[in-house]
Amino acid sequence: MKRKISVLLGLITGLPPALPTMPLELTVLYNSLLFVMGTSDCAIKGEAEGIRQGLLRVLEACGTSGQDLSTEELWQKVLQEVTVEELQAPLHRLGALQAAWWLADSCLQSITDLFRLLSSAEDPERASCSGEKNELLTLLKAWRAPAEEASISLVQSTEDLKETLCTAAAFLQGLQELEAGNLPTTICLLQEAAGGLCSKRVLAQIYVCLGCCAQRMGKPQTALQHLKRALQVDFQCHPALSHTAVVYQELGETDAELQALSLLYEALEKNPPSATSSSPYFLIRADLLVNTPILASLFRHRHPSEVKYLLAQRCLQDGRVADAVEHYLDFLALIQEGLQQQVPLDSGSLLPRIPEVFLEAASALEQDGRHQDSLTVCDEVISRTTHLVPQIVQVEEKLEQPECASLGTGLSGGLLSQKRESLFCLMWRAAAYLHQGWVWTKLGNGKEAIMQFSRCLNDLLRFQLCERSVETAESLLPEVKVLQKIRLLSLIGRGMQFLEQERHKEALLDFQHGWQISPDDPTAAFYLVQVLWKLNRKQEAADYWQKYLESPAGEHEQQERQGRPFPLYLDSCLKLATFPKDESLAKCIQDYLRTTRQDSSR
């Protein structure tokens, strides 16, 4: 039928325009454009050239022209000057089609101006949105196309097109208000859209948007109700499960969050996302007219591998080590099958850089007691990054920090400079050596532990930070802060091994160095006090102890835990490096200070 209508339209437009045949021509044009718009695989964009040519032929038939006019001016001229009664219904139909085109381009003001001309109602009914008149929705609802003969054959009736326009206009405006942060208005507009004519797929999208809006308003339970409704309307609305998991995470309900993620993973494995629309079926549908960046962001379809990684990450963060190991191993198996086929490499991906995933897996394996497997995974990171680390990595000034390139962001990472990429590779390899040092520590092999910690520290000697970059800690790149933390953890780890082997002077050097690079870190201070006390340098130990007590207690550690400034894969190392509670040492130092004060007062 589409081809036949197109051929018919070509025959008609090949003839000079004439008023008697113009109603038929506009009807054929309407049906033809419906097929063009409705069979498009993507949202309608661009100028409706067919409509413009139709309007020019109407003016030509009436003995005038409008070639130099814009589309908006052309519509104004046609509707004000063409008064032939038989042309009113076809022109109104074409106007509705023009509105659909403009709606797809988010040209809401142009639609409003057009329907002011089309609407003949003297007292348009009031819209209910936020208690105020929403002019566009008011005009669309008030618009009544002139009556036409029952014999007219239309692919999609004017009334159905009007209902679709009302739904799409409310949905689009709701999304715009959501992006602008006008949440109460968003709720009203989306509720208006939910009551309109649309497919189940679009209705589910509307409920998801309502859920996201309620979440931003601080109403998590209301958000969950909307998201549940979305799944009831369309069980294939996978983003609803994704957003449900986020709400449960904010509520601290980890069991429910992980259940939602597991359901999402199973759903994606069994039923890949489909772009098809369910009933009612029309050529012009709301999903073709509403296509904005915020909608694409809210409904970005996740790949199973992304969800699998998120399950692993959340389990590790929550201390569910055995579950985390299982998920990480599943994910690593997917990588072995070929990552390019497993997940899109775009900036919206949930995945961090792949070496970070390996390091997180190594951390999970170590915490689960699978030490040899942890060592093997670290070896993989070392072997893959060795040829990427230059002899010297010098940072002369603060590098650009594109958002997509920060720690824990998507795979694409933006266009990183070569220097910054070298920093990443150095950081990952040093972290692998660090992990191996702590694994050998847990296995009780001090010699291997010291060797791995030393390799880590030697690796970090490749990194040089110029003086002008060392102004404030806040001005440092995230990677530089992580490198400094890795250095501290390696010094503490090696120093602990020296202490166990009673190599106190070597331990002192490591702990002093650690305290110098991180003087506000309580762990570094505690170990330094301990080794000084063992060396019978009690006054120095007491001095460092008092410095620590005079500093804001626990502030450094509290900030780290609240902001998680360091990658997840360092968490296990941070825990292992924590100074064990030693009340006897604290008592000895307090007794020493008391005795010293008494002696000085005599």
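Conventions and cut-offs
Residues numbered from 1 in each chain as written. Predicted model: local features only at pLDDT ≥ 70, side-chain atom pairs only at ≥ 80, totals over all residues. Heavy atoms only, no water. Helix = DSSP H or I, 4+ residues; strand = E, 2+ residues; numbered from the N terminus. Buried < 20%, exposed > 50% of the residue type's maximum accessible area, 1.4 Å probe, protein only. Contact = heavy atoms within 4.5 Å. Areas by Shrake-Rupley, 256 points an atom, 1.4 Å probe, with all protein chains shown as cover. Axes fitted to C-alpha atoms, helices over the stretch in contact; angles between N-to-C directions. Parallel < 35°, antiparallel > 145°, perpendicular 65-115°, else oblique. Left-handed = near helix turned anticlockwise from the far one by under 90°. Nonpolar A, V, L, I, M, F, W, Y, C, P; charged D, E, K, R; others polar.

Visitor: Can you break down the overall build of the protein residue by residue, with the values?
Guide: Of regular secondary structure, the protein possesses 28 helices and two strands. Counting all 602 residues of the protein, 51% fall into the buried class. Across the protein, the fraction of contacts at a sequence separation of at least 24, relative to all contacts at a separation of at least 6, is 70%. With the model as given, the accessible surface of the protein reaches about 28600 Å², and the carbon-plus-sulfur share is 49%.

Visitor: Describe the environment of Lys538, listing the residues and the values that go with them.
Guide: Among the secondary structure elements, Lys538 is positioned in helix H25 (residues 538-550). The class of Lys538 is partly exposed, set by a relative accessible area of 31%. Residue contacts for Lys538: discarding those within four places in its chain leaves Leu532, Trp533 and Tyr592.

Visitor: Quick one: what's the story with unusual backbone geometry, residue by residue and with numbers?
Guide: It is generally the case that most residues other than glycine have a negative phi and that most peptide bonds are trans. Non-glycine residue Ser106 carries a positive phi angle of around 60 degrees. Here Ser106 shows up in the loop between helix H5 (85-104) and helix H6 (108-118). For Asn536, which is not glycine, the phi torsion reads 65 degrees and is therefore positive. Looking at the secondary structure, you find Asn536 in the loop between helix H24 (522-534) and H25. For Asn536, a relative accessible area of 56% corresponds to the exposed category.

Visitor: Residues and numbers for the packing of helix H23 (residues 504-517) against H24, please.
Guide: Following both chains from N to C, one finds H23 and H24 inclined at 150 degrees, their axes separated by 9 Å at the closest point. Our classification of the angle between H23 and H24 gives roughly antiparallel. Judged by the sense of rotation from one axis to the other, the crossing of H23 with H24 is left-handed. Touching His504, Ala507, Leu508, Phe511, Gln512, Gly514 and Trp515 of H23 are Ala524, Ala525, Tyr527, Leu528, Val531, Leu532 and Lys534, all from H24. Considering only residue class, the contact of H23 with H24 consists of 10 nonpolar, three polar and one charged.

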